[in-house]
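Notes for the structure review
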Amino acid sequence: MAKGSKAWSIMSLGAAVGSAAVAKKTLNTGWTKATGKTPPANPADPDVNVWEAVAWAAASGTFVNIMKMLATRRAANYYLKSTGNLPPELRADGNKAPSGKKPKKKSSADDIADIVSAGVN
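Presented here is an overview of the structure given in this document. Everything quoted here is computed from the prediction, not taken from an experiment. (Residues numbered from 1 in each chain as written. Predicted model: local features only at pLDDT ≥ 70, side-chain atom pairs only at ≥ 80, totals over all residues. Heavy atoms only, no water.)

1. Focus on the overall build of the protein chain
The helix and strand tally for the protein chain stands at three helices and zero strands. Within the protein chain, buried positions represent 26% of all 121 residues. Considering only contacts within the protein chain whose residues lie at least 6 apart along the sequence, 56% involve residues at least 24 apart. (Helix = DSSP H or I, 4+ residues; strand = E, 2+ residues; numbered from the N terminus. Buried < 20%, exposed > 50% of the residue type's maximum accessible area, 1.4 Å probe, protein only. Contact = heavy atoms within 4.5 Å.)

2. Comments concerning helix 1 (residues 5–35)
In this model helix 1 runs 43 Å from its N-terminal to its C-terminal C-alpha over 31 residues, within 8% of the 45 Å that 1.5 Å per residue would give. Those residues of helix 1 not exposed but buried are S5, W8, M11, A15, A16, S19, A23, L27 and W31. Phi turns positive one or two residues past the end of helix 1, at G36, with a value near 80°. (Expected span 1.5 Å × (residues − 1).)

3. Focus: helix 2 (residues 50–83)
The end-to-end C-alpha separation of helix 2 is 49 Å, in line with the 50 Å expected for 34 residues at 1.5 Å each. Of all the residues in helix 2, the buried ones are E52, A53, W56, S60, M67, A71, T72, A75, A76, Y78, Y79 and L80. The opening residue of helix 2 is N49, an N-cap whose side-chain oxygen sits 2.7 Å from the backbone nitrogen of W51. At the C-terminal side of helix 2, G84 shows a positive phi close to 85°. (Polar contact = N/O pair within 3.5 Å; in protein donor to acceptor, adjacent residues only side chain to side chain.)

4. Thoughts on the side chain of E52
Looking at the element boundaries, E52 is found in helix 2. When its relative accessible area of 17% is taken as the criterion, E52 is described as buried. Non-local contacts of E52, meaning those with residues more than four positions away in its chain, are made with W31, K37, T38 and P40.

5. Description of the packing of helix 1 against helix 2
The packing of two helices is summarised by the inter-axis angle and the distance between the axes. Running from N to C, helix 1 and helix 2 point in directions that differ by 145°, and their axes come no closer than 8 Å. As for the relative orientation of helix 1 and helix 2, their crossing is right-handed in sense. A class-by-class count of the residues in the contact of helix 1 with helix 2 yields 19 nonpolar, six polar and two charged. (Axes fitted to C-alpha atoms, helices over the stretch in contact; angles between N-to-C directions. Left-handed = near helix turned anticlockwise from the far one by under 90°. Nonpolar A, V, L, I, M, F, W, Y, C, P; charged D, E, K, R; others polar.)

6. What about a nonpolar patch on the surface?
A grouping of V50, W51 and V54 is seen on the molecular surface, where their side chains present a nonpolar patch of about 350 Å² in accessible area. Structurally, the position occupied by W51 is in helix 2. Classification of W51 as exposed rests on a relative accessible area of 64%. (Patch = residues over 30% accessible without salt bridge, like charges linked within 9 Å, V, L, I, M, F, W, Y side chains within 5 Å. Areas by Shrake-Rupley, 256 points an atom, 1.4 Å probe, with all protein chains shown as cover. Salt bridge = Lys/Arg side-chain N within 4 Å of Asp/Glu carboxyl O.)

7. A look at the nonpolar core
Most often, soluble globular proteins keep nonpolar side chains buried together rather than apart. Counting eight residues, the largest nonpolar core is built from W8, M11, A15, A71, A75, A76, Y78 and Y79. Mapped by element, the contributors of at least two residues to this core are helix 1 and helix 2. (Core = buried A, V, L, I, M, F, W, Y, C linked by side-chain atoms within 4.5 Å.)

Structure representation (structure tokens):
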């Protein structure tokens, strides 16, 4: 296992879970305001109108994945600033970290603030 991969695993998991929670809350609120109904609990249920199920699946799948991608990118930027390297899983595409970047010394309070903001924004 590459050095730092456990830290990246924790950061990417936190970003994914946090962004999914924010996306779900945002989607449910938006769906209710737009349609006046609660979102389908199970779109596969035959009692749910097929077009409503398709719309919910398309909206939720797209929005959740966009939020996850944005949160993961933010976590990767934090990892890059902290270590001077891209996370191990992101190096596979052949891209290199910008040259001359050196990790910036930060306090643990800065680390906690950045991790929290990565999950929120």
